[in-house]
Amino acid sequence: MKHSTFLLFSLPSLSVMFLFIAIPIVSVFIQSLHIEHKQVIIVTENCDPFGCETTTAVDTEASAKLKEKAPLGKFNGFKTYSNRMHFAFDEVGEAWKSSDSFTVFTKKLYNYPLYRALSFTLTYTFVVTPFVLFLGFLVAVGVNNLPKMFKGPTIFASLLPMIVTPLVGSLILFWMVDGDGVIGATLQKIFNDNSLSLKASPVLTWIMLMVYGIWHLMPFSFIVFYAGLQTVPQETIEAATIDGASKFQRIRHVVIPHLMPLAIFITLILLMDNFRVFEPIIGFRAEAHATSISWLIWNHLRESAYPLYNAAGATSMVTIFGVAILLLPVLIRTWRDFKEKNKG
Amino acid sequence: MNTKIENKLTPVRIIAFIFVALWLVIAMFPFIWTLWGSFKVQADFFSKADWSNAIFGFHTEKQTGGFFTMDGYYGSWIEEEFWRAVINTSIVVFFTVLISLTFGTLGGYALARSTYRYAFWILMAGLIFRAMPHMTLISGYLQPFFAWNVWGILPTTIIVLVAINQPFTLWMLHSFFLNIPKDLDESAMCDGCNRFQAFRYVIIPIMWPGVITTGLFSFLLAYNDFTVTSMLLSDENETMIPAIASFLGTVQEEGKVMYAVAAVVSATAPLFFFVLFFQRQIVSGLTAGAVKG
């Protein structure tokens, strides 16, 4: 295809990605380097017979002028990244010096929003992903062992948790585990403890969110693995059976190697999706005990009266950096494949 | 003989059956429970004393006289004007899917047919863009959108959703077009067609299966989005999912929780039928990406 035709065909697609994905990333970075102008404050001294009194007032005109001159705010360098909302270098150094053990140090670290969000996001990502892979594989093998008539209904029922809107899905579960909901109330009865609440304890909140994550994403790995199982070469399985391989050995030595590329694909998608976990925290109203990086950005932009653009920008850059680290192995691999293909 | 083997009960088969049945209960029960409960009053759906109230509707009968009540639906759709959100969602979803597919088909075709190195780099950039958490992009949109006075309206949200959707659409359609033999459009070009004519008369008639499958996933992304719609739409232009989220703020009062439950069921129902009708396409779409890597 000629360059000019290629450009004509792909121009709408490329320009929309450039304008709304590439440029925002750059602008987020620039935004993170600036800080909002301080309001211009006029101090006036009013003197009357009873004494002098100073009043301070915001000079709106001067503030607006300042904002017009430099809409991004004052250049702040990387200070937003190092403040206590983010990496909190000074405070962490202080904590390191004053803590006598590592546990005390991590506890102190947990007080800073970014570290708190990172710890949940990473735990969530690296707990949910393997569970989803493993359980999805088990269900796929299970369905594969059942008569054909079970296949359709199982797939239909499995698709629902995956396809349902994350916020809606988490709300449905949240209402069930609520103290008055069916699961929550039953648990209270079983443990004979009326104050037992999944929302009140940090550990239970984390577990609840991760269970939701597994419920939501397992269908995806199940369906991909199930499709993969249909393509396992039957001759190899038969040959292995004749050679005396047990069912388990057949799975271990024939099926799993065959499904390995699929497992890598699923892992990649799961890592990307789990790293952006956000809606469940809103749905479960879990922000008191569990915050994710995406939730942190949302909070910077939404919670205060004025959006904290610099904080949101800095957190976004940290997130993008995290995604880059997650993706790096895949990118290197694809690049190698591509180079080899071009050689041959 | 084959059926005999299939129906034989082996221990492995029994374990498999129990395991799959357990998963089905876990997957389905929350939906059935909530659907059933949405026709009850709050005292039944959130019954601390006895969960069977939610099934038999003890309080529902006492409070409303009937076994089922539509109060939750009436409250959310009429009183809280959920129907507005439904209309907004329809508009956003329709245009997002339409524009995504138009852009994606053209781009995906070009990427599949180009032999130059930049096609690879564009696909790689697409993969990286696909991995970007959407929230990171939002913080970049707000300031310019406020400055240009385009914040809060539906077209802005539609174009942002198209952009966010584009990497996935491109990848999917690119691998679909790779499966259509090159010779097809190239022979048309030998017969004197130019590239656009070849695309128009040879590719377009046969591309619909791939386009529909991709369209289903674009639909899901637009329909399920909370991040973009909650940050970029003003209150009167809210779509369903942010509308449900804003219900949550006001549901503390007695009775209002059922509004949110009814709204949640209303938002899930279309997805139920969506799966019912397009199950095969969804499965093939999920696996197509996987098999081709």
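This one's a predicted model, so the numbers in the text were calculated from it and none came from an experiment. By convention here, each chain's residues receive numbers from 1 onward along its written sequence. Throughout, the order in which chains and ligands are written sets their labels, letters from A for the former and numbers from 1 for the latter. Note on the predicted model: pLDDT of at least 70 is required for a residue's local features to be given, and 80 or more for side-chain atom pairs to be given and counted; whole-chain, interface and lining totals, by contrast, use all residues. Heavy atoms from the whole structure form the basis of all side-chain values; hydrogens and water molecules are not counted.

A. Summary view of the overall build of chain B. Looking only at helices and strands, chain B has 16 helices and zero strands in total. What the globule rule says is 2.2 Å times the number of residues to the power 0.38, and the radius of gyration is computed from C-alpha atoms. For a compact globule of 293 residues, the expected C-alpha radius of gyration is about 19 Å, and chain B comes in at 24 Å, more than 25% above that figure. On the principal axes, the C-alpha backbone points of chain B span a range of 80 × 75 × 30 Å. Three labels apply to residues, based on accessible area from a 1.4 Å probe with only protein chains included: buried if under 20% of the type maximum, exposed if over 50%, partly exposed otherwise in between. The buried share of chain B, reckoned over its 293 residues, is 54%. Here the accessible surface of atoms and residues is derived via Shrake-Rupley with a 1.4 Å probe, and residues count as covered only by protein chains that are part of the display. Entry remark: accessible area of chain B is about 13500 Å², with carbon and sulfur atoms responsible for 69%. Numbering goes from the N terminus for both helices and strands, where a helix is a DSSP run of H or I of at least four residues and a strand is a run of E of at least two.

B. Just the overall build of chain A, in detail. Broken down by element type, chain A carries 15 helices and four strands. At 27 Å, chain A has a C-alpha radius of gyration far larger than the 20 Å of a compact globule built from 344 residues. For chain A, the C-alpha atoms occupy an extent of roughly 110 × 75 × 45 Å along the three principal directions. Put simply, 69% of the contacts in chain A that link residues at least 6 apart link residues at least 24 apart. In the form shown here, chain A has an accessible surface area of approximately 17600 Å², with 66% of it arising from carbon and sulfur atoms. For the charge count, each Lys or Arg is scored as positive and each Asp or Glu as negative, with His and the chain ends excluded. Charge positions come from single atoms, namely NZ of Lys, CZ of Arg, CG of Asp or CD of Glu. Between the centroid of the 27 positive side chains of chain A and the centroid of its 23 negative side chains there is a distance of 11 Å. By definition, residues are in contact when any of their heavy atoms lie within 4.5 Å.

C. A look at helix H14 (residues 293–302) of chain A. Of all ten residues in H14(A), eight are buried; the element is thus mostly enclosed. Within H14(A), burial applies to Ile293(A), Ser294(A), Trp295(A), Leu296(A), Ile297(A), Trp298(A), His300(A) and Leu301(A).

D. Spatial organisation of the packing of helix H7 (residues 82–113) of chain B against helix H10 (residues 154–178) of chain B. All names here are of chain B. It is the contact of H7 with H10, at a shortest axis distance of 6 Å, that shows an interaxial angle of 40°. Remark: the crossing between H7 and H10 carries right-handed chirality. In this classification, the charged set is Asp, Glu, Lys and Arg, the nonpolar set is Ala, Val, Leu, Ile, Met, Phe, Trp, Tyr, Cys and Pro, and all remaining amino acids, among them Gly, are polar. Taken together, the residues that form the contact of H7 with H10 break down as 17 nonpolar, eleven polar and one charged. Interaxial angles span 0 to 180 degrees and are taken between N-to-C directions of axes, which are lines fitted to C-alpha atoms, for helices over the stretch in contact. A crossing counts as left-handed when the near helix is turned anticlockwise from the far one by less than a right angle, and as right-handed when that turn is clockwise.

E. Quick peek at the interface of chain A and chain B. Each partner contributes to the interface: chain A provides 99 residues, whereas chain B provides 100 residues. Across the chain A/chain B interface, buried area totals approximately 9100 Å², and carbon plus sulfur atoms make up 79% of it. Two parts placed together each lose some accessible area; with a 1.4 Å probe, that loss summed over both constitutes the buried area. A per-residue breakdown of the area chain A buries against chain B is headed by Met1(A), Phe9(A) and Trp175(A), which together make up 9% of the total. Salt bridges, as used here, are contacts in which a Lys or Arg side-chain nitrogen is within 4 Å of a carboxyl oxygen on Asp or Glu. At the junction of chain A with chain B, the criterion picks out one salt bridge. The residue Arg130(B) makes a salt bridge to Asp273(A) at a minimum N-O spacing of 3.6 Å. Polar contact is the term for a pair of N or O atoms within 3.5 Å; when the atoms are in protein, one must be able to donate a hydrogen and the other to accept it, and sequence-neighboring residues count only if both atoms are side-chain atoms. On inspection of chain A and its partner chain B, the count reaches 14 residue pairs in polar contact (both at pLDDT 80 or more). Per-element tally for the side of chain A that touches chain B: the top contributor is helix H1 (residues 3–32) of chain A, with 19 residues. Looking at the side of chain A that touches chain B residue by residue, the classes come out as 67 nonpolar, 22 polar and ten charged.

F. View of the environment of Asn165(B). By secondary structure assignment, the location of Asn165(B) is in helix H10. For Asn165(B), the residues in contact, after removing those within four places along its chain, are Thr96(B), Ser100(B), Ser218(B) and Leu221(B).

G. Fine view of the domain arrangement of chain B. Residues and elements named next belong to chain B. Here the limits of each domain have been adopted from an automatic or database domain assignment. According to the domain assignment, chain B consists of domain 1 (2–75) and domain 2 (80–292). Of note, the centres of domain 1 and domain 2, computed from C-alpha atoms alone, are 32 Å apart. With 14 residues of domain 1 at the contact, the number on the domain 2 side is 13 residues. Summed over both sides, the interface between domain 1 and domain 2 buries roughly 1000 Å², with carbon and sulfur atoms accounting for 74% of that surface. When the buried surface of domain 1 facing domain 2 is broken down by residue, Gln-42, Tyr-73 and Gly-75 rank first, second and third, together holding 46% of it. Viewed at the interface, domain 2 and domain 1 are joined by zero salt bridges. Where domain 1 touches domain 2, the interface holds one residue pair in polar contact (both at pLDDT 80 or more). Those elements that place two or more of their residues in the side of domain 1 that touches domain 2 are helix H2 (11–37), helix H3 (42–45) and helix H6 (71–79). For the side of domain 1 that touches domain 2, the class distribution of residues is six nonpolar, six polar and two charged.

H. Spatial organisation of the pattern of salt bridges. Evaluation of the coordinates by the stated rule reveals five salt bridges over all chains. The salt bridge partner of Arg84(B) is Glu81(B), with a shortest N-O separation of 3.0 Å. Salt-bridge contacts for Asp185(B) lead to Arg195(B); the nearest nitrogen and oxygen are separated by 3.4 Å. Here Asp185(B), found in helix H11 (residues 182–190), pairs with Arg195(B), found in helix H12 (residues 195–206); they are ten residues apart in sequence, far enough to count as distant. One salt-bridge network, in which partners are shared between bridges, spans Asp273(A), Arg276(A) and Arg130(B).

I. Layout of the side chain of Arg276(A). Along the polypeptide, Arg276(A) turns up in the loop between helix H12 (247–275) and helix H13 (279–283). Here Arg276(A) falls in the buried class, since its relative accessible area comes to 17%. Side-chain polar atoms of Arg276(A) contact the backbone oxygen of Met132(B), separated by 3.4 Å.

J. Representation of the pairing of strand E2 (residues 41–48) of chain A in the model. Residues and elements named next belong to chain A. Burial within E2 is sparse, with just zero of its eight residues counted as buried. Two strands qualify as a pair provided DSSP detects at least 2 bridges between them. With eight bridges connecting them, E2 and strand E3 (residues 51–58) associate as antiparallel partners. Bridged to Asn-46 within E3 is Glu-53. Hairpin connection, E2 to E3: the antiparallel pair is bridged by two residues.

K. Representation of the confidence of the model for chain B within the structure. Residue-level confidence of the predictor is what pLDDT reports, using numbers from 0 through 100. In this model, chain B carries a mean pLDDT of 86, and residues with pLDDT of at least 70 account for 94%. Mean pLDDT values over the elements of chain B span from 48, in helix H1 (residues 2–7) of chain B, up to 94, in H7(B).

L. Spatial organisation of H12(B). Under the 1.5 Å per step criterion, the end-to-end length of H12(B) is 16 Å for twelve residues, consistent within 8% with the ideal 16 Å. Residues Arg195(B), Ala198(B), Phe199(B), Val202(B) and Ile203(B) constitute the buried set of H12(B). Here the buried residues of H12(B) occupy an arc of 120° about the axis, which is enough to place them on one side. The elements touched by buried residues of H12(B) are H1 of chain A together with H7, H10 and H11 of chain B. For H12(B), the side-chain oxygen to backbone nitrogen distance between the N-cap and Phe196(B) is 3.1 Å, and the N-cap itself is Asn194(B). To estimate how far a helix should extend, the number of its residues minus one is multiplied by 1.5 Å. In this context, the arc is that of the directions from the helix axis out to the C-beta atoms.

M. Region of the structure containing the nonpolar core. Counting 176 residues, the largest nonpolar core has Phe120(A), Leu159(A), Ile163(A), Trp175(A), Phe220(A), Phe284(A) and Tyr141(B) as its most contacted members. Looking at which element gives the most residues to this core, the answer is helix H10 (residues 202–230) of chain A, with 16 residues. Setting aside chain neighbours within four positions, we find Tyr141(B) in contact with Phe20(A), Pro24(A), Val160(B), Ile164(B) and Leu232(B). Counting seven residues, the second-largest nonpolar core is a separate cluster that includes Ala88(A), Phe105(A), Leu109(A) and Tyr115(A). The nonpolar core is taken to be a set of buried Ala, Val, Leu, Ile, Met, Phe, Trp, Tyr and Cys residues, with the residues joined through side-chain atoms within 4.5 Å.

N. Geometry of empty space enclosed by the protein. All names here are of chain A. Method remark: on a 1 Å grid restricted to protein atoms, a set of points is classed as a cavity if a 1.4 Å probe fits but cannot get out and as a pocket if it is open with protein on both sides within 12 Å along at least five of seven lines; lining residues have an atom within 4 Å of a point. Grid points are joined across faces, edges and corners, and a volume is the space filled by probe spheres set on the points. Scanning all chains against the criterion turns up three cavities of 30 Å³ or more. Volume-wise, the largest cavity comes out at about 50 Å³. Listing elements by their share of the lining of the largest cavity, those giving two or more residues are H12 and helix H15 (309–343). If you tally residues by element for the lining of the largest cavity, the top one is H12, at four residues. Looking at the lining of the largest cavity, its residues break down into eight nonpolar, no polar and no charged. In this structure, the second largest cavity encloses a volume near 40 Å³. Tallied by class, the residues present in the lining of the second largest cavity amount to four nonpolar, four polar and one charged.

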